[in-house]
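A closer look at the structure
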Amino acid sequence: MKQLPADTVRLLSSSQVVTSVVSVVKELMENSLDAGASSVDVKLENFGLDRTEVRDNGCGIKAADAPVMAVRHFTSKISSHEDLERLETYGFRGEALGSICAVAEVTVTTKTEEEDVSTQYTLDSSGGIVSQRPSHLGGGTSVSVAKLFGKLPVRRQFFSSVRKRKEEVRKVQDLLMAFAIIKPELRLTLAHNKVVVWQKARAADHRSALVATLGASTVANLLPVHQEQPEMVLDGFLPKPGADLSLTSSSTSDKTFIFINKRPVQQKDILKLLRQHHSAQYPDDAARHRFPVLLLNITVCPSSLDVNVTPDKTQVLLHNKEAVLAAVEALLVSLYGFHPEKQPDPETLPPAAGCVETDQNTESRKVSDDDAGQSAALQRQASSCSSSSSMADDWIVNQSSFSLCDDEATRSRPQSAEPSPEEPRHPQVSAEAWSRGTALTDPASGEPLRPVAIHRPDPEVKRSGNAITEKRAALTAYDMIRSRALKAPPSAASLFEKETRSEVLMERPAASLQEVSAAVQNRWENLGDEGRKRFEEKARKSQDLHDQRTRLAAAAAPRAPADRPLGAAKLQAQKRKAPLSNQQLLDELFSAQPPTKKKAPPLKPWRPLPCSMAVLRQRLLRLSAQSGAAGPRGLRPVGRLVSQNAWLILCGGRRLMLLNPFRAEEALLFQRLQQDHILPAACLQNPLLLTDRNLGAAEFETLCSLEKGAAEPDGTVFFSDPRLVANGFRIKLSPERHLEATAVADCVPFLGLEDLKEVLTAVLQRKAATVPQSRPLKVTNYLKAEAVRLARQLPSDLCGEEVEELLERTERRLGGADRTCIHGRLFLHHLADVPSTQQEARAGLTPLSNTHTSGSLAVV
């Protein structure tokens, strides 16, 4: 037998964690959520097999953690196995990036708030960094996965059919929908081959998230529920009783969202219970094969939940599974009531959560029906469950005298023509009265019976002390800074072990830790009296030194005021939650950053060019005499710098300036695009519903007041306001008076409802009356990029007529105020002033400095 190579082991184990495209997206999505991201964008190319990118705006990865960010079993979520009992994150194993690196090519781009520039890391198959370089990405992290399963041809062949690939995209969308519902504050976008497939904006609550995900018609038939029990909370949205089956159910389980501690899971027992109670209220058998549309989030203590069951973490184990199932069933019973024909035998039902069965109940099952009717009153069994959708707080179940339904109770008795006068007659109990908790009443007062409340004292939780959060009187922040934290004095055995361990290791280098400890313990037991006295003397001196330092620290600590009670002073000496003093100084000390030496920018190459100002002045006078005017006005070309394609311009007959024609063209093109360009809108497969919830009340009213076109034959009206049309939004007013966005510009990446809201905010608050004033930020950046692209397509050499035409357009469109390009740089630089008198012109040659260029002057 031979040991497998490390690369083969990584490939085999990683192919179990990363099994498909949706598993890659799930692992990266969970990392983004654990990083505190509020916006996540998922991009797929060729159904995710060629490239999968997940970008978020989380906290980023520190530069110190970058070398081990993709190494197996390196994680910042937990530090030991005991942390799983307090787990609050989605990931915890440290295998996601390492497993993806083994089956694909991974590139990570990240930036934290403390860093100025983002960094792009290229990783190898083992998770190590191959190369790194600066990047333009903003804050957050972007993980790009290319050539998925390139080393596993059979696995990649499994996704060769189009049906399998489309199913992967659908699964990715279902995964994003689940996270979008459980986290309403999250903004999500899914794009495939640069086309937005599905997107969801930030929502205020779970209902708004459901409306954005499932639609308003479906959510209108859902009922919010909430139930609290000891160490368990159930909340969500369940179908209303008797609602339309086509709106509240589906043929697949992709719209049945079950969460445990906000983690999407697959629990067959809970799903079976939900389907059973939902289908029981419909008479036909068609409901048996359908899945209800609902949201159910179960919150339990993290210590009673085991997530580390399957690699994809969709299967979990519950410590109190029976109690959870009983609580879910109680919630469903309170909402839909009891349905006897759907219920199993009551004797096979598990006991309800939180209920106590007495010995009398156990014995009553062994008695015959006649003895039970004569000897026992109703034995009560209470359930401490409650629901917001039920009018009663609790209901009472008796397992000894009668079942949950009158028919079963009747079938359990012997049939007779006339009832016996000695046989007690139980009142008829309806399902509605049972679910409301009014079935059984107190004979004396007539009030409904209340359940028995069982109070159990909470066990005392022992917490370990923390020297940082629980500062003692003898330990201050200054002690932590100066490394003056007092240690416990060592014992004689500790001193002997410290001295002897090195000797044992020198004698036996190959010994294990257990063997070394055993050898040290053996030597300590065989040590003579003189040796023991020597180490005991050292331990006594250490103890005296520790006592002396403790007294000095106690003397330096502030004393309690005289008017304060002694108990309060002792409490402050034992534990103090705030630092002693100078907290502001400490904050400045820790937050201060060392000043960075700013390097002076290198000087650009330049060379003075001699130019005769006297000759220039004579030619200007001759030109003015020929034209009969006082002199050239406006911007006039004078000459061209041959090497740099820059032109010398005369402004107003007095100022000599340098023109960069490319920057001027950028400014003119951007200004024309801002005014005239209309973004082409592409039709959406699923129109976006526009309401006051996702736009805001004021913005929604502003949208309704914008200009509309003529009505279509079917009653549909489209908005014709240029501020909407030019920015790529096509909005429709349906005959039912619903507003929908049917088309959005696809040339601008991720253009959506947030950008539409930005347009409406500009109209509402800034009174934007023209198209340039209402452009959103994404559209403005897109038009700037288009202006730069068009300017680069212009010829590099311009003749004098083209420069004159450029100057004319610049004066007509931009005027003399704004002379900067779209990057904020000047395209007209002042060089020198033409002398106004002959004496100034006779001063000699005037060098044209600060031109920051080199070349010769060609006078036209």
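The name an unreviewed UniProt entry gives the protein chain is PMS1 homolog 1, mismatch repair system component, with Xiphophorus maculatus as the organism. The UniProt entry for the protein chain carries the following text under Sequence similarities (unreviewed entry): "Belongs to the DNA mismatch repair MutL/HexB family."

1. A word on the overall build of the protein chain
When you go through the protein chain residue by residue, the secondary structure sums to 29 helices and 31 strands. By the burial criterion, 40% of the 860 residues in the protein chain qualify as buried. Sequence separation of 24 or more characterises 66% of the internal contacts of the protein chain that already satisfy a separation of 6 or more. When the accessible surface of the protein chain is split by element, carbon and sulfur atoms take 53% of a total near 50,200 Å².

2. Re helix α22 (residues 661-676)
In this model α22 runs 22 Å from its N-terminal to its C-terminal C-alpha over 16 residues, within 8% of the 22 Å that 1.5 Å per residue would give. Among the residues of α22, those classed as buried are P661, A664, E665, E666, A667, L668, L669, F670, L673 and Q674. Elements that come into contact with the buried residues of α22 comprise β23 (655-659), α27 (777-792) and α28 (800-813).

3. Describing the sheet that holds strand β6 (residues 140-146)
Backbone-to-backbone hydrogen bonds join strands into a sheet, with any given pair of strands oriented parallel or antiparallel. The strand order β5-β4-β3-β6-β2-β1-β7-β8 describes an open sheet built from 8 strands, whose pairing is mixed. Looking at strand neighbours, the two that pair on one side only are β5 (129-135) and β8 (195-200), the edges of this open sheet. This sheet shows a mean twist of 15° between the axes of neighbouring strands, independent of strand direction. Packed on one face of the sheet, helix α2 (residues 21-34) meets β1 (39-45), β2 (51-56), β6 and β7 (187-192) and runs near 15° to β2.

4. Notes on unusual backbone geometry
Phi at N46 is positive, roughly 55°, even though this residue is not glycine. Note on placement: N46 falls in the loop between β1 and β2. Phi is positive for N261, close to 55°, though the residue is something other than glycine. Take N261: it is sitting in the loop between β12 (256-260) and β13 (263-264). Among the residues examined, N261 registers a relative accessible area of 25% and is labelled partly exposed.

5. Things to note about the sheet that holds strand β27 (residues 729-733)
The strand order across the open sheet built from 5 strands is β24-β28-β27-β26-β25, with neighbouring strands paired in antiparallel fashion. Across the chains shown, the open sheet's two edge strands, defined by having one partner strand only, are β24 (681-690) and β25 (708-711). Direction aside, neighbouring strands of the sheet carry axes that sit 25° apart on average. Sheet topology places strand β26 (residues 717-719) next to β27; 2 bridges connect them, and they run antiparallel. Residue pairing in the sheet places F718 in a bridge with K732 of β27.

6. Remarks on the pattern of salt bridges
Applying the stated criterion across every chain, the model contains 23 salt bridges. The salt bridge involving R51 is made with E45; its shortest N-O contact spans 3.2 Å. Its salt-bridge partner being E497, residue R501 comes within 2.7 Å of it at the nearest N-O pair. Of the two residues, R501 and E497 are both situated in helix α16 (residues 492-507); the distance of 4 residues between them amounts to about one turn of the helix. Through salt bridges with shared partners, a single network forms among E45, R51, E53 and R55.

7. A closer look at the packing of aromatic side chains
Under the defined criterion, the tally for this structure stands at 5 aromatic pairs. Their ring planes at 90° and their centres at 5.3 Å tell us that F496 and F535 sit as a pair that is edge-to-face. Here F496, found in helix α16, pairs with F535, found in helix α18 (residues 529-556); they are 39 residues apart in sequence, far enough to count as distant. The burial state of F496 is the same as that of F535; both residues are buried. In textbook terms, an aromatic cluster arises when at least three aromatic residues are bridged by ring pairs, as seen for F149, F158 and F159. For the cation-ring pair, R275 lies above F291, with the distance from its terminal atom to the ring centre recorded as 4.0 Å.

8. A few points about the packing of α22 against α27
Contact geometry of α22 with α27 gives a least axis separation of 8 Å together with a crossing angle of 135°. Classified by the angle between their axes, α22 and α27 sit oblique to one another. Read as a crossing pair, α22 and α27 show a hand that is right-handed. Note on element contacts: α27 touches α22 through T780, L783, K784, E786, A787, V788, L790 and A791, opposite F662, E666, L669, F670, L673 and Q674. Grouping the constituent residues of the contact of α22 with α27 by class yields 9 nonpolar, 2 polar and 3 charged.

9. What about the pairing of β7?
Side chains on a regular strand alternate between the two faces of the sheet. In terms of burial, β7 is a largely internal element, 6 of the 6 residues being buried. Neither face of β7 is left uncovered, since the one carrying R187, T189 and A191 and the one carrying L188, L190 and H192 both have all their residues buried. Relative to β7, β1 runs parallel, the two being bridged by 6 bridges. Paired with V42 across the bridge in β7 is L190. Relative to β8, β7 runs antiparallel, the two being bridged by 5 bridges. When the sheet's bridge partners are listed, L190 is paired in β8 with W198. Counted between consecutive antiparallel strands, the loop separating β7 from β8 contains 2 residues, among which N193 sits at a positive phi close to 55°.

The rules behind the values
- Residues numbered from 1 in each chain as written.
- Predicted model: local features only at pLDDT ≥ 70, side-chain atom pairs only at ≥ 80, totals over all residues.
- Heavy atoms only, no water.
- UniProt positions renumbered as here; feature names shortened; annotations may be inferred.
- Helix = DSSP H or I, 4+ residues; strand = E, 2+ residues; numbered from the N terminus.
- Buried < 20%, exposed > 50% of the residue type's maximum accessible area, 1.4 Å probe, protein only.
- Contact = heavy atoms within 4.5 Å.
- Areas by Shrake-Rupley, 256 points an atom, 1.4 Å probe, with all protein chains shown as cover.
- Expected span 1.5 Å × (residues − 1).
- Pairing = 2+ DSSP bridges.
- Axes fitted to C-alpha atoms, helices over the stretch in contact; angles between N-to-C directions.
- Salt bridge = Lys/Arg side-chain N within 4 Å of Asp/Glu carboxyl O.
- Phe/Tyr/Trp six-rings, centres within 6.5 Å; stacked < 30°, edge-to-face > 60°.
- Lys NZ or Arg CZ within 6 Å of the ring centre and 35° of its normal.
- Parallel < 35°, antiparallel > 145°, perpendicular 65-115°, else oblique.
- Left-handed = near helix turned anticlockwise from the far one by under 90°.
- Nonpolar A, V, L, I, M, F, W, Y, C, P; charged D, E, K, R; others polar.

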